[in-house]
Each structure stands twice: as structure tokens, then as C-alpha cells.
Amino acid sequence: MNEINVISPYKYLGMWVFDDPKVGLVQEPFVGGADTIIDTLVRDIPNASNGFAMIFSGGSFPGHQFRFVWRGPQGSGNVYYSPDFDLEGWLCPALLKYFDNPPNELFVQVKSI
């Protein structure tokens, strides 16, 4: 597994989704508050709904803009909290395509492509 990963979320049928053929995901949706968090993260990226780069890691990396703290499991997924925005979001089991276990923290950078 990579230490740092990148996906390109985009809007499909009004929902944030992403594709990652290397792990077998197609139009994987962000739901449960994660979609609201993405709306907040990309508010300054023009045309983000057409796609943007989201770089993420379980460890801090140069250029990360946001930190999310693991709150615990919920159903089949995991809840993360943004102290920057005071928002919670649920990440589905697809998280485990990128990590062996849910990381205690997620570090994220977003930018236009």
C-alpha cells in the first residue's frame, strides 16, 4: 500500500464520487457527511465538480491542508472529525483499500487538476 494516495473526486448525479481502477472502485460515493466536508474543502477550487485532486495519507506530509481525527467505527465504516470545520464524516469500507486499519488521523490536500 502507498504511504500517500491520490484520487480525483467528481460529481455524478449530484453526488461526490471517485474512481480508482487500481483498487477496483468505480463511482464510489462519499456519503454520511463526507460529502458535506468535500463541499467545504473545495469551495475555492473552480469547477471542482468536474474533478479535483485529493491527496491523502495516514501521516502528515508537506503541503497537507487539513487534518481529520478518527472518532471510531460506525456500522461498516469509520467516522472522522475535522477540527478545522467542526464537521464529522463517515468513510465506507473502501477506506481499507488504502489502509490496513483505519488510521488515527488522515491528512488531506486538495487542488485543481
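Please refer to the structure placed before this passage.
As a starting point, this report considers the structure included with it. As the structure is a prediction and not an experimental result, all values here were calculated from the model. (Residues numbered from 1 in each chain as written. Predicted model: local features only at pLDDT ≥ 70, side-chain atom pairs only at ≥ 80, totals over all residues. Heavy atoms only, no water.)

## Topic: the environment of Asp-84
Along the chain, Asp-84 falls in the loop between strand 7 (77-82) and strand 8 (87-91). In this structure Asp-84 touches Gln-65, Phe-66 and Arg-67, once residues within four positions along its chain are discounted. (Helix = DSSP H or I, 4+ residues; strand = E, 2+ residues; numbered from the N terminus. Contact = heavy atoms within 4.5 Å.)

## Some points on the pattern of salt bridges
Considering all chains together, one arrives at 4 salt bridges under this definition. A salt bridge links Asp-20 to Lys-22, with the shortest nitrogen-to-oxygen separation between them at 3.8 Å. Since its relative accessible area comes to 6%, Asp-20 is described here as buried. Judged by relative accessible area, which is 54%, Lys-22 ranks as exposed. (Salt bridge = Lys/Arg side-chain N within 4 Å of Asp/Glu carboxyl O. Buried < 20%, exposed > 50% of the residue type's maximum accessible area, 1.4 Å probe, protein only.)

## Observations regarding the sheet that holds strand 1 (residues 4-7)
On the basis of which strands lie adjacent, the open sheet formed by 6 strands has the order 1-5-9-6-7-8 and antiparallel pairing. Every interior strand has two partners, whereas the edge strands, strand 1 and strand 8, have only one. Neighbour-to-neighbour, the strand axes of the sheet open up by a mean angle of 30°, direction not taken into account. Where strand 7 meets strand 8, 5 bridges bridge the pair, whose relative direction is antiparallel. Counted as the bridge partner of Asn-78 is Leu-91 from strand 8. Along the sheet, helix 1 (residues 34-41) makes contact with strand 5 (52-57), strand 6 (66-74), strand 8 and strand 9 (105-112), crossing strand 8 at roughly 120°. (Pairing = 2+ DSSP bridges. Axes fitted to C-alpha atoms, helices over the stretch in contact; angles between N-to-C directions.)

## Section: the sheet that holds strand 3 (residues 15-20)
Reading across from one edge, 2-3-4 is the order of the 3 strands in this open sheet, with antiparallel pairing throughout. Each edge of the open sheet is held by one strand with a lone partner, namely strand 2 (10-12) and strand 4 (25-29). Mean inter-strand twist for the sheet, computed between neighbouring axes without regard to direction, equals 45°. Where strand 3 and strand 4 come together, 3 bridges link them in antiparallel fashion. Bridge pairing in strand 4 places Val-17 opposite Pro-29.

What is shown is where atoms sit, not what they do.
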